[in-house]
Amino acid sequence: MFSKIKGLMESEEKIAEIHGQITTHCNTLKQQTEIIQGLHNEIINLKTNFTNFHSENNTHLSQFQHELGEIKNTRNNISEELNELKLLKTHIKQRLVEELTNEFKTELKSEVERIKTDVKSYNDLKQTLQGVVITIANLKGEIEKFNNIAKDVKEKDFLLERHAKQLQNFADEKVELLQKINTLERLIGRERRTR
């Protein structure tokens with residue numbers, strides 16, 4: 001019987017020890033449950049935050065895609081405008097070149113016509129001057145004849161003296177005309193060089 005009591009006491013001690021261990025395990029389990037509950041709450045918070053982040057991310061992604069589409073449209077519009085500007089620039093350049101070329105051709109044609117007219121006038125004037133020079137050369141011979149005749153005539157002959165004066169005037173006019181011819185030739189030469 002004593003051994004039974006001893007066995008019961010030992011069993012009680014073991015039960016108390018096991019109860020202590022169970023209590024310790026319960027406390028530990030309780031702590032771990034609290035920790036797990038805290039972790040569970042944190043996971044729920046993280047899940048909520050992740051869901052919110054995912055939702056916001058989807059919203060931002062959708063907005064970004066929309067803005068990207070608008071940027072592409074704007075880029076296409078700018079590209080079209082740029083192409084139109086390039087075409088307009090090329091067209092304006094071509095028109096400007098054509099207008100300048102036509103204007104230059106018109107002015108050049110006008111200048112050529114003017115030069116032709118001036119050359120014709122110069123040639124006509126040259127022929128006229130050559131005729132005047134020949135006439136003056138002929139008059140020079142006549143004047144010399146009159147001068148020779150005048151030497152033989154008496155000085156008192158008034159008519160011959162007046163005639164001699166006229167011949168002298170002709171000679172002076174001839175010299176003056178020759179000077180004018182030279183001046184005209186110089187002016188024409190200068191005018192031709194200027195053009």
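Rules used throughout
- Residues numbered from 1 in each chain as written.
- Predicted model: local features only at pLDDT ≥ 70, side-chain atom pairs only at ≥ 80, totals over all residues.
- Heavy atoms only, no water.
- Helix = DSSP H or I, 4+ residues; strand = E, 2+ residues; numbered from the N terminus.
- Buried < 20%, exposed > 50% of the residue type's maximum accessible area, 1.4 Å probe, protein only.
- Areas by Shrake-Rupley, 256 points an atom, 1.4 Å probe, with all protein chains shown as cover.
- Patch = residues over 30% accessible without salt bridge, like charges linked within 9 Å, V, L, I, M, F, W, Y side chains within 5 Å.
- Salt bridge = Lys/Arg side-chain N within 4 Å of Asp/Glu carboxyl O.
- Lys, Arg positive; Asp, Glu negative; His and termini not counted.
- Charge placed at Lys NZ, Arg CZ, Asp CG, Glu CD.
- Contact = heavy atoms within 4.5 Å.

**Focus: the overall build of the protein**
Secondary structure assignment for the protein yields two helices and zero strands. Counting over 195 residues, the protein shows a buried share of 4%. In the structure as shown, the protein presents an accessible area of about 17700 Å², 58% of it carried by carbon and sulfur atoms.

**Considering a negative patch on the surface**
Among the surface-exposed residues, Glu10, Glu12, Glu13 and Glu17 lie close enough to one another that they form a single negatively charged patch. Take Glu10: it is sitting in helix H1 (residues 2–152).

**Let's talk about the side chain of Lys174**
The residue Lys174 is located in helix H2 (residues 158–194) in this model. Accessibility expressed as a relative area gives 15% for Lys174, which makes it buried. Not counting chain neighbours up to four residues away, the residues in contact with Lys174 comprise Ile136 and Lys140.

**Some details on the environment of Leu139**
For Leu139, the position within the fold is in helix H1. A residue is classified by how much of its surface remains accessible, and Leu139, at 38% relative accessible area, is partly exposed. With 32 residues separating them along the chain, Leu139 and Ala171 place their C-alpha atoms 8.2 Å apart.

**A few points about the pattern of salt bridges**
In total, this model carries four salt bridges according to the counting rule given. In this structure, the salt-bridge partner of Asp124 is Lys120, at a minimum N-O distance of 3.3 Å. Here Asp124 pairs with Lys120, and both are found in helix H1, just four residues apart, close to one helical turn. With a relative accessible area of 35%, Asp124 lands in the partly exposed category. The residue Lys180 makes a salt bridge to Glu176 at a minimum N-O spacing of 3.6 Å. Highlighted residues: Lys180 and Glu176, both in helix H2, separated by four residues, approximately one helical turn. For Glu176, a relative accessible area of 41% gives the class partly exposed.

**A closer look at a nonpolar patch on the surface**
On the surface, a nonpolar cluster with roughly 380 Å² of combined accessible area is contributed by Leu61, Phe64, Leu68 and Ile71. With respect to the helices and strands, the residue Phe64 is situated in helix H1.

**Let's talk about the environment of Gln130**
Looking at the secondary structure, you find Gln130 in helix H1. A sequence separation of 51 residues divides Gln130 from Ile181, and the C-alpha atoms of the two residues are 9.5 Å apart.

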